[in-house]
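Residues per chain are reported as follows:
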Amino acid sequence: MNISRTILRSISLLAFAVLMSACGGESGGPFSVSPGSLSFSAQIDGTAPASKTLTITANEANAAVPDIIASGNAIDFGASSSCAGGNEANLACTLSSDDTKIYVTVPVPDPDVLGIGTHTGSIAITSGGHTNSVSVTYTVEAGTPAVSQVSPYVTVSGQTQTVTIRGGGFTNFGTTIPTVSFGGTPGTNATVVNDTTITVDTPSLFAQPQGYEVTVSGSSVNFPSSATLKVISTTNYADASIAYNSAPPRKVLFDDERRAIYAVNAIDNRLEKYTYNGSSWDATPTTLSLSGTTIADVALSTDGSTLIMVKNDNFVYEVNPDTMLLQGSTQAYTPFTGTLNCSSYDACLDRVAHTSDGRIMAVNNNTSYVRDFYLYDPASNTVEASSNLFTYPDNGLRSPEVYGSATGDRVFLTDTYDPRFYDSMNRSFISFSSASADPVALDGDGTVIASGYNVYKDSGLGYNSQSTIPGSGTIDAMALSYDGNTAYIYRAGDIEAYDISLASPPPATPVTPMASPGTGVQMILSRDEGTAILAGSSALVIVDLP
């Protein structure tokens, strides 16, 4: 069998002497295939097993290079296609050093994409009217019983809220409703979404520094836990105007636990932390300065342990939110392959959001208009790209922004033609039929979205119109309450609050900030919704809300 190293694209001749197969696989026809079947296994919330290899060997001289056709959901079709023949399998192929064999690499998807169960696929190797078929079986099992995370990990003293519990093995409960407790106090309305996810309403708890251990019990199943719910007291952040240390931020976020504002200073290429010291805000921020390409975006993990930062160099950076120092490797992972031209902002990470399963949704800023998005897993240091993870129109986005919910259960991806939500519970996309409009804001779990003047709610069958914010003119910034019932908008120099659970919200009483934040305003809320933070071109403005 003699196949030129550049031939894997058309019909070729096999010029070597007959090689009778001894591989143990199917041996009929011009080719033998070994092994005759492939099997894989994995656990939910685990990593995909390593790829396996098929060996195709010629049984006769002058046999045409075979068609290799793969099918079935057990096979990952995202690998670069290099197989020969008139049909391609979207699988990678290589030749042996003596040109006598073809090696076919067969990868499988992430187990969370498929879900628990046995999934199948097949690979057909066809030549000279004869086909050898290789079956592929991929078994995804329930995860190891454990409680690993609660998101969001912060709630307010005396309040209840719906949180997402992440772990594994939750389907062991069957039809039994588990008991989810916080420091021994049970929550209510617990629902097993899937093997890795439970939603539950927290009880009303007092603030305490050590937090409350989250436990799941029932059906005689032991669930070890490493999750803690932090409960904070309400804080009266009095009205204030904070002058920037040097430049306005590209992105701001608020950390309720640490009572801190993080700001991306893209001009000076640094991350800044403004901290409330109990009576006032520190005028000089703590900073993390980095050389090289520009810091683009930052997100706080849903367990509060890590700031995830991306730069225009296609690396993911992990930052300690307490010390403002890089954690671990300064270059955690590079999800791109090939030659990149980051100096001209081509194919480099630009926007980021955390998901409740511990992964990171990132979007690049490719100047070719259609941009790619990536799901990065810090625990395994692996990445899955839009082209091989999701079914999505042309596997890309157009001029996207990324908005993550507080729980991390939903991430909204804007798009010129086809905006969508990423559902991290089920690792799937939910269509958003209306064109997205600025500004955009999500409630705590992402089931309510305000886009411009329009408010939409997920009915379980998709996002439908819920209400319209009254008034006219430009809405400069917006934020939603955690429960999705109130929209706070910044318009014409005032903050207005509307009850968007009503189809026609009544007129609002405006609150005028003590100073103007300038233009290009972003707005974020404290968890107790008693404080709004406006970040514009001129200043960070803190507003006490009634």
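Fair warning: this is a prediction, and the values are worked out from it, not measured in the lab.

S.K.: Any chance you could explain the environment of I542 here in plain terms?
M.R.: Following the sequence through the fold, I542 ends up in strand β45 (residues 539–544). On the accessibility criterion, I542 (0% relative accessible area) is buried. Along the sequence, I542 and I242 sit 300 residues apart, while their C-alpha atoms lie 8.0 Å from each other. When near neighbours in sequence (up to four residues on either side) are disregarded, I542 contacts Y237, A238, D239, A240, I242, I261, W281, T531, A532 and I533.

S.K.: Would you take a moment to explain the sheet that holds strand β33 (residues 410–413) for this structure?
M.R.: Picture the strands of a sheet paired through backbone hydrogen bonds; they go either parallel or antiparallel. Pairing within the open sheet is antiparallel, and its four strands lie in the order β32-β33-β34-β35. In this open sheet, the two edge strands, each paired with only one partner strand, are β32 (402–404) and β35 (428–431). Put simply, the sheet's adjacent strands are angled 25° from each other on average, direction ignored. Pairing between β32 and β33: three bridges, direction antiparallel. What sits directly across from Y403, in β33, is F412.

S.K.: Hey, could you run me through the sheet that holds strand β18 (residues 240–243) in this one?
M.R.: As summarised here, the arrangement of the four strands in space is β18-β45-β44-β43, forming an open sheet in which the pairing is antiparallel. Every other strand in the sheet has two partners, leaving β18 and β43 (522–525) as the edge strands with one partner each. Averaged over all pairs of adjacent strands, the angle between their axes in this sheet comes to 20°, without regard to strand direction.

S.K.: Is there a simple way to think about empty space enclosed by the protein in this case?
M.R.: A water-sized probe rolled over the atoms picks out the places where empty space is left. Evaluation of the coordinates by the stated rule reveals one cavity of 30 Å³ or more. Computed from the structure, the largest cavity encloses a volume of approximately 60 Å³. Around the largest cavity, the lining residues are V156, I232, S233, T234, T235, Y237, D256, R259, S526, R527 and D528. Classifying every residue of the lining of the largest cavity by side-chain character gives three nonpolar, four polar and four charged.

S.K.: How should the packing of aromatic side chains be read in this particular structure?
M.R.: For any pair of aromatic rings, geometry is given as the distance between the ring centres together with the angle between the planes. Applying the stated criterion across every chain yields a total of 15 aromatic pairs. Aromatic pair F421 and Y463: ring centres 4.2 Å apart, planes at 10°, arrangement stacked. On the criterion of sequence distance, the pair formed by F421 in strand β34 (residues 420–423) and Y463 in strand β39 (residues 463–468) is long-range, its members being 42 residues apart. Relative accessible area serves as the criterion here: at 0%, F421 is assigned to the buried category. Among the aromatic residues, those joined into a cluster by ring pairs are F412, F421, F432, Y456 and Y463. Its guanidinium or amino end placed over the ring of F40, K52 lies 4.9 Å from that ring's centre, counting from NZ or CZ.

S.K.: Got a minute to help me understand the layout of surface pockets in this structure?
M.R.: Here the largest pocket is characterised by a volume of approximately 1,400 Å³. If you trace the largest pocket, you find 50 residues lining it, with K251, V252, L253, G404 and I524 closest to the centre. Sorting the residues of the lining of the largest pocket by element identifies β19 (251–255), β23 (295–300), β26 (349–354), β32, β36 (440–442), β40 (477–480) and β43 as the ones contributing at least two each. Residues that form the lining of the largest pocket fall into these classes: 27 nonpolar, 10 polar and 13 charged.

S.K.: Even after reading the chapter, I still don't get the pattern of salt bridges, so can you show me in this structure?
M.R.: Opposite charge on two side chains permits them to pair, given that their charged atoms come into close proximity. Within this structure, the stated rule accounts for 14 salt bridges. Close ionic contact of D297 with K251 constitutes a salt bridge, the shortest N to O distance being 3.0 Å. Linking D297 in strand β23 with K251 in strand β19, this pair joins segments that are 46 residues apart in sequence. Residue D297 is classed as buried on the basis of its relative accessible area of 2%. According to the relative accessible area criterion, K251 is partly exposed, its value standing at 22%. Linking D350 and R351 is a salt bridge whose minimum nitrogen-to-oxygen distance equals 3.4 Å.

S.K.: I keep staring at the nonpolar core and nothing clicks. Help me out?
M.R.: As a rule of thumb, nonpolar side chains are buried together in soluble globular proteins. Within the largest apolar cluster, 29 residues are counted, with the highest numbers of intra-cluster contacts made by L54, L91, V104, V106, I123 and Y138. Every element with two or more residues in this core is listed here: β1 (31–34), β2 (37–43), β3 (52–58), β4 (67–71), β5 (92–95), β6 (101–106), β7 (117–127) and β8 (130–141). At four residues, the largest contribution of residues to this core is made by β8. If we ignore the near neighbours within four places in the chain, the residues touching V106 are L38, F40, S51, K52, L54, I75, L91 and I123. Listed in part, the 22 residues of the second largest apolar core include A190, I198, Y212 and I232.

Thresholds, definitions, all that
- Residues numbered from 1 in each chain as written.
- Predicted model: local features only at pLDDT ≥ 70, side-chain atom pairs only at ≥ 80, totals over all residues.
- Heavy atoms only, no water.
- Helix = DSSP H or I, 4+ residues; strand = E, 2+ residues; numbered from the N terminus.
- Buried < 20%, exposed > 50% of the residue type's maximum accessible area, 1.4 Å probe, protein only.
- Contact = heavy atoms within 4.5 Å.
- Pairing = 2+ DSSP bridges.
- Axes fitted to C-alpha atoms, helices over the stretch in contact; angles between N-to-C directions.
- 1 Å grid on protein atoms, 1.4 Å probe; cavity = no way out; pocket = protein on both sides within 12 Å on 5 of 7 lines; lining within 4 Å.
- Points joined across faces, edges and corners; volume = space filled by probe spheres on them.
- Nonpolar A, V, L, I, M, F, W, Y, C, P; charged D, E, K, R; others polar.
- Phe/Tyr/Trp six-rings, centres within 6.5 Å; stacked < 30°, edge-to-face > 60°.
- Lys NZ or Arg CZ within 6 Å of the ring centre and 35° of its normal.
- Salt bridge = Lys/Arg side-chain N within 4 Å of Asp/Glu carboxyl O.
- Core = buried A, V, L, I, M, F, W, Y, C linked by side-chain atoms within 4.5 Å.

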